[in-house]
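Results of the structural survey
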Amino acid sequence: MVRFGVDLGGTKIELIALERDGKEVFRKRLPTPREYQATLNTITGLVHEAESVLGVMGSVGVGIPGVISPFTGLVKNANSTWINGQPLDRDLSELLNREVRVANDANCFAVSEATDGVAAGKGLVFGVILGTGCGGGIAINGRVHGGGNGIGGEWGHNPLPWMTKDEHQSTQCFCGNHDCIETYISGTGFVRDYNLHGKKVTSGVEIMSRYHDGEPLAQEVFTRYLDRLARALAHLINVLDPDAIVLGGGMSNVDEIYKQLPELLPHYVLGRECKTPVLKNEFGCSSGVRGAAWLWAKSEG
Ligand SMILES: [Zn+2]
């Protein structure tokens, strides 16, 4: 059976078709209409087009920047706000005449990397997307762990662990709380910390270029970033002890993280021992859409 994965983003909707062995056989992206009915039409249109090109029907999974509330059955927490409050999975299931699975995009990322990515075959995989924000998702044996409240993996909105006096109450998160992990370890948080010192850069890439040139401020800010990332991940390891942590998003391209983080983690993990692999994703920005396709697992035929 062909698996269709749809990544519903704020600016584009992408559809991919995977064979059972993970081979990509179709891909198309369209701009996201900022209106609910048009979004439904775009998704169903893409599925029908792919089916007509490939000459087969397939299962459909959709990754969204939010979650379906287990209490109301309606989308919540999406920054694509026009899908909030809508029964997206039910509407798509009806329009496409089959069960459509919908999951948070960070959960899709974890499923992708746990299915045939860098963490293939690992039992418990935690995926972290370090981009504009900080998404987290859990895959257990390749399946999403959404949780009874639908917020499994949202560790980015826990407070930064072992905060210093300077860190305490120093950031404000969009979610309404102070000092969320996201505000420190997202790419945005990295740039914010650098710019607090009177400089003006717009990207983590620029800071890392200055780091490699030996600029003291860039070295200080990256060292602090790594320490914060180690604290945040150690908290997670103390709770879940995952078989692998996979990083995605812009910051996952910083190779220094993989060199230096393994030495820092044991300073914070209980018992001072930690060999949890922290890995760079295999599929880059395709991981979300591939994971949406893998919401229908290989074992399901
Ligand atoms: Zn928050």
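Everything discussed here concerns the structure shown above.
It should be emphasised that the depicted structure is a prediction, and the values quoted were computed from it without experimental measurement.

Of all the residues in helix H6 (residues 204-212), the buried ones are Gly-204, Ile-207, Met-208 and Tyr-211. Around the axis of H6, the buried residues are gathered within 95° of arc, so they sit on the same side. Against the buried residues of H6 lie helix H5 (187-195), helix H7 (216-240) and helix H8 (255-268). Just past H6, the residue Gly-214 takes up positive phi, approximately 85°.

Looking at soluble globular proteins, one finds that nonpolar side chains tend to be buried together. If you look at the biggest cluster of nonpolar residues, it comprises 42 residues, and the most contacted ones within it are Trp-155 and Ile-185. Per-element tally for this core: the top contributor is H7, with 13 residues. By size, the runner-up hydrophobic cluster in this structure holds 27 residues, among which are Phe-4, Ala-17, Val-47 and Ile-83.

Applying the stated rule across the entire model yields six aromatic pairs. Ring geometry for Phe-190 against Phe-222: centres 6.1 Å apart, planes inclined by 65°, an arrangement best described as edge-to-face. Taken as a pair, Phe-190 in helix H5 and Phe-222 in helix H7 lie far apart in primary sequence, 32 residues in all. Residue class for Phe-222 comes out buried when judged on its relative accessible area of 1%. Taking 5.0 Å as the distance between ring centres and 55° as the angle between the ring planes, the aromatic pair formed by Phe-190 and Tyr-225 counts as tilted. Here Phe-190, found in helix H5, pairs with Tyr-225, found in helix H7; they are 35 residues apart in sequence, far enough to count as distant.

We now examine the side chain of Ser-59. Checked against the element boundaries, Ser-59 lands in strand S4 (residues 58-64). Residue Ser-59 is classed as buried on the basis of its relative accessible area of 5%. Those residues in contact with Ser-59 that sit more than four places away from it in its chain are Met-1, Val-2, Arg-3, Phe-4 and Trp-296.

Once that is clear, we can look at the pairing of strand S9 (residues 134-140). Most of S9 is tucked away, with six of its seven residues classed as buried. Here strand S8 (residues 124-130) runs beside S9; their pairing, made up of seven bridges, is antiparallel. Within S9, the position partnered with Val-125 by the bridge is Ala-139. Count of turn residues in the S8/S9 antiparallel hairpin: three residues. The turn linking S9 back onto strand S10 (residues 143-144) is made up of two residues, and Asn-141 within it adopts a positive phi angle of 50°.

Criteria and thresholds
- Residues numbered from 1 in each chain as written.
- Predicted model: local features only at pLDDT ≥ 70, side-chain atom pairs only at ≥ 80, totals over all residues.
- Heavy atoms only, no water.
- Buried < 20%, exposed > 50% of the residue type's maximum accessible area, 1.4 Å probe, protein only.
- Helix = DSSP H or I, 4+ residues; strand = E, 2+ residues; numbered from the N terminus.
- Arc of directions from axis to C-beta.
- Contact = heavy atoms within 4.5 Å.
- Core = buried A, V, L, I, M, F, W, Y, C linked by side-chain atoms within 4.5 Å.
- Phe/Tyr/Trp six-rings, centres within 6.5 Å; stacked < 30°, edge-to-face > 60°.
- Pairing = 2+ DSSP bridges.

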